[in-house]
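# Coordinates in review
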Amino acid sequence: MICVELTFTDDPRRLDARPAHRERLHALYEAGEVLASGPWADDSGALLVFTVDRARAEQILAEDPYYTTPGVEVTSVREWSPVVGPGRPGQS
């Protein structure tokens with residue numbers, strides 16, 4: 001799995017771009033490529049958990065203009081190996 005952390009600023013262009021971004025996320029979820037995503041409770045950023053390899057995650061980030069929209073910064077892209085929950089070794 002790949003976890004992507006975003007940081008947000010108050011730039012209003014981020015909010016303008018968000019509906020199309022969320023549509024993309026819903027399609028990725030339906031395709032089984034996103035486990036979960038959403039903003040932090042204080043809307044200072046967000047966490048996305050992808051069920052794909054690093055190359056596919058990078059492709060997803062490159063294809064969605066939201067990740068380069070003013071007000072959105074990708075602050076972390078990390079591989080994650082859960083030991084509890086969906087995606088742990090031995091689980092389909």
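Residues numbered from 1 in each chain as written. Predicted model: local features only at pLDDT ≥ 70, side-chain atom pairs only at ≥ 80, totals over all residues. Heavy atoms only, no water.

## Notes on the sheet that holds strand E3 (residues 45-50)
- The strand order across the open sheet formed by four strands is E2-E3-E1-E4, and the pairing between neighbours is antiparallel. Two strands bound the open sheet, and with one partner strand each, they are strand E2 (34-39) and strand E4 (72-79). Strand-to-strand, the axes of this sheet are offset by a mean angle of 10°, without reference to chain direction.
- Here helix H1 (residues 13-30) sits on the sheet and contacts strand E1 (2-8), E2, E3 and E4; the angle it forms with E2, its principal contact strand, is near 160°.
- Across the sheet, helix H2 (residues 54-63) lies against E1, E3 and E4, angled at about 170° from E4, the strand it touches most. (Pairing = 2+ DSSP bridges. Helix = DSSP H or I, 4+ residues; strand = E, 2+ residues; numbered from the N terminus. Axes fitted to C-alpha atoms, helices over the stretch in contact; angles between N-to-C directions. Contact = heavy atoms within 4.5 Å.)

## Section: the pattern of salt bridges
- Using the criterion set out here, one finds seven salt bridges in the structure.
- Among the ionic pairs, Arg 18 bridges to Asp 43, the shortest N-O distance being 3.9 Å. Taken together, the residues Arg 18 in helix H1 and Asp 43 in the loop between E2 and E3 connect sequence positions 25 residues apart.
- A relative accessible area of 21% means that Arg 18 is categorised as partly exposed.
- A salt bridge links Arg 54 to Glu 58; the nearest nitrogen and oxygen atoms lie 3.2 Å apart. Separated by four residues within a single helix, Arg 54 and Glu 58 lie in helix H2, roughly one turn from each other.
- Its relative accessible area of 33% is what places Arg 54 among the partly exposed residues.
- We classify Glu 58 as partly exposed; its relative accessible area is 35%.
- Residues joined in a network through salt bridges with shared partners are Arg 14, Arg 18 and Asp 43. (Salt bridge = Lys/Arg side-chain N within 4 Å of Asp/Glu carboxyl O. Buried < 20%, exposed > 50% of the residue type's maximum accessible area, 1.4 Å probe, protein only.)

## Brief notes about the side chain of Thr 69
- If you trace the backbone, Thr 69 turns up in the loop between H2 and E4.
- On the basis of relative accessibility, which here comes to 10%, the residue Thr 69 falls in the buried class.
- Side-chain polar atoms of Thr 69 contact the backbone oxygen of Pro 65, separated by 3.0 Å. (Polar contact = N/O pair within 3.5 Å; in protein donor to acceptor, adjacent residues only side chain to side chain.)

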